[in-house]
Amino acid sequence: MRRGERMFRVAWKIGLIVATCGLWGCAAKRPSGPVIPPSGIVIHPPTPTVVVPVPPEPPVVRPPEPTAVPVPRSQPVSRDSIAAGNATGSGLRHTNDITAWLRDHGWSAPHPVTRGRDLRYETEAPAGRFAVVVGQKEAEWNGRRLLLGFEPRVVAGQLWLHPLDIESHVEPLLGSGPWHPVERTIMIDPGHGGRQPGTRSILGNQFEKDLTLDWAFRLRALLEARGWKVTMTRTNDLDLALAERVDLAEAAGVSVFVSLHFNSSFPSQQAAGLETYCLTPRGMASHVVREYADEVGRAFPNNLHDADNLRLAVAVHRAVIASTGSEDRAVRHARFMDVLRWQNRPAILVEGGFLSNPEEARRIQTPEFRQRLAEGVAAAFP
Ligand SMILES: [Zn+2]
């Protein structure tokens, strides 16, 4: 081939390549749609190969069995709920003038009544009768005992209550109707279990953990017959931490929590009767502290339910005494009870009698008495 002819052919090939590149574009910016080559034939880009993973078989999800699968021990509370709790109970919203408070509601002033050495003040509202004793934390609601946070005083012939007592006791009882559940779901907590037997009967042959479990079974049957959806923290001799009991209530989303216990004053054998507990409102000293520090200024999540806690406690306390005839040892406040204070729902703890008292222990150890205990608690749940 002559040199001129060779150069002509090379130039022809270069031109062809440049023209082809201009028509097709480069790979980096090629559009994803079909492209049209000079021939005019539409060529679709190859369909990308996509590997679709085959999903594994979905696990079979069953509702957890509370007594078999305890949920983690983390506390089901948020910083927000504690902050909200700390924002309540300031005591600044209310007066300490009980007479003015009653007058504001259209009710008559409390009138003094002398009973023995005690100076009592009594008042009546549509919801019931309320009485306090000057200089004592003793109070009565419809004839049943409850303990105030502070002793009432009389100054210049007029009764004064601490603002926190008006807010935490007077207003929930006199100022509103009886406790009513948001929904009829409850968790019953038979106290102790497993390696935590609780107190031992002075008669020597029974432990608290077995008696509370029997009481709980009886209560469950009665509440279910009333249409309540009932769960229990344990249904056998299971070792459960207090935090786990709170977690179980949180996981179940129940609207109310009731813990069942029996009491002891050992080595004294004298004490007998029913005590019903709810969490101490912020700013008050507790009535029972055991060996724990009572953090008076601290609010817990359950303090958001102070009013309902009290109304539920007085309702259960009254109904159990009516059913059993037990001595009235008052509705009381305690702050140390972990099974109450972390609850995000109304929660109470019932001490159904003293296993350290021989006569009461003998009664508690009969199925008939435990049935009456269960009937009493159930009667408080509409
Ligand atoms: Zn106990």
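Preceding this section is the structure that the text describes.
Residues numbered from 1 in each chain as written. Predicted model: local features only at pLDDT ≥ 70, side-chain atom pairs only at ≥ 80, totals over all residues. Heavy atoms only, no water.

A. Inspection of the coordination of the zinc ion at higher detail. Of the protein atoms, only H192 (NE2), E208 (OE) and H261 (ND1) coordinate the zinc ion, at distances of 2.1 to 2.2 Å. Here the donor residues for the zinc ion map to a single chain with the spacing H-x15-E-x52-H. On the criterion of sequence distance, the pair formed by H192 in the loop between β8 (185-190) and α5 (208-225) and H261 in strand β10 (residues 256-263) is long-range, its members being 69 residues apart. (Donors = N, O, S within 2.8 Å, 3.2 Å for Na, K, Ca; no water. Helix = DSSP H or I, 4+ residues; strand = E, 2+ residues; numbered from the N terminus.)

B. Quick look at the packing of aromatic side chains. Overall, the coordinates contain 7 aromatic pairs when judged by the stated rule. Note on W179 and F381: the rings are 5.6 Å apart at their centroids and 80 degrees apart in plane angle, and the pair reads as edge-to-face. Of this pair, W179 sits in the loop between α4 (163-174) and β8 while F381 sits in the segment after α10 (367-379); the two residues are 202 residues apart in sequence, bridging distant segments of the chain. Overall, the relative accessible area of 7% leaves W179 in the buried class. (Phe/Tyr/Trp six-rings, centres within 6.5 Å; stacked < 30°, edge-to-face > 60°. Buried < 20%, exposed > 50% of the residue type's maximum accessible area, 1.4 Å probe, protein only.)

C. Seen up close, the nonpolar core. Counting 57 residues, the largest nonpolar core has F130, L174, L223, V316 and F381 as its most contacted members. With 8 residues, helix α7 (residues 306-324) is the largest single contributor of residues to this core. Split by domain, this core shows at least three residues from each of two domains, domain 1 (98-174) and domain 2 (185-379). In contact with F381, other than residues within four places in its own chain, are W179, I186, L223, R226, W228, V256, V258, L312 and V316. Counting residues in hydrophobic clusters, the runner-up holds 15 residues, among them A249, F257, Y277 and M337. (Core = buried A, V, L, I, M, F, W, Y, C linked by side-chain atoms within 4.5 Å. Domains from an automatic or database assignment. Contact = heavy atoms within 4.5 Å.)

D. The environment of R129, seen in detail. Relative to the elements of secondary structure, R129 occurs in strand β3 (residues 128-133). The class of R129 is partly exposed, set by a relative accessible area of 42%. For the pair formed by R129 and L173, sequence separation is 44 residues and the distance between their alpha carbons is 9.4 Å. If near-sequence neighbours (up to four positions away) are discounted, R129 is found in contact with T123, E124, E140, W141, N142 and G143.

E. Spatial organisation of the environment of P110. If you trace the backbone, P110 turns up in the loop between α3 (98-104) and β1 (111-115). Judged by relative accessible area, which is 13%, P110 ranks as buried. Along the sequence, P110 and F130 sit 20 residues apart, while their C-alpha atoms lie 8.9 Å from each other. Apart from residues no more than four positions distant in its own chain, P110 is found in contact with I98, T99, L102, Y121, E122, T123 and L159.

F. How the structure looks around α4. The element α4 is largely enclosed, with a buried count of 11 among its 12 residues. All buried positions along α4 are accounted for by P163, L164, D165, I166, E167, S168, H169, V170, P172, L173 and L174.

G. Summary view of the packing of α5 against α10. For the pair α5 and α10, interaxial distance at closest approach is 8 Å and the crossing angle is 50 degrees. In terms of orientation, α5 and α10 fall into the oblique class. Regarding α5 and α10, the two cross each other, and that crossing is right-handed. Residues L211, D214, W215, R218, L219, L222 and L223 of α5 form the contact with α10, whose own contacting residues are P367, R370, Q371, L373, A374, E375, V377 and A378. Here the residues of the contact of α5 with α10 are counted per class, giving 10 nonpolar, 1 polar and 4 charged. (Axes fitted to C-alpha atoms, helices over the stretch in contact; angles between N-to-C directions. Parallel < 35°, antiparallel > 145°, perpendicular 65-115°, else oblique. Left-handed = near helix turned anticlockwise from the far one by under 90°. Nonpolar A, V, L, I, M, F, W, Y, C, P; charged D, E, K, R; others polar.)

H. Structural view of the packing of α7 against α10. Between α7 and α10, the least distance of the axes is 7 Å, while the angle of their chain directions is 145 degrees. In this structure, α7 meets α10 at a crossing whose hand is right-handed. Between α7, through V316, A319, V320, S323 and T324, and α10, the contact on the second element is made entirely by F369, R372, L373, E375, G376, V377 and A379. In terms of residue class, the contact of α7 with α10 is made up of 7 nonpolar, 3 polar and 2 charged.

I. Here's a closer look at the side chain of E351. Structurally, E351 is set in strand β13 (residues 347-354). A residue is classified by how much of its surface remains accessible, and E351, at 5% relative accessible area, is buried. Beyond its immediate chain neighbours, meaning those up to four positions away, E351 contacts H261, F262, N263, G273, L274, E275, Y277 and R290.

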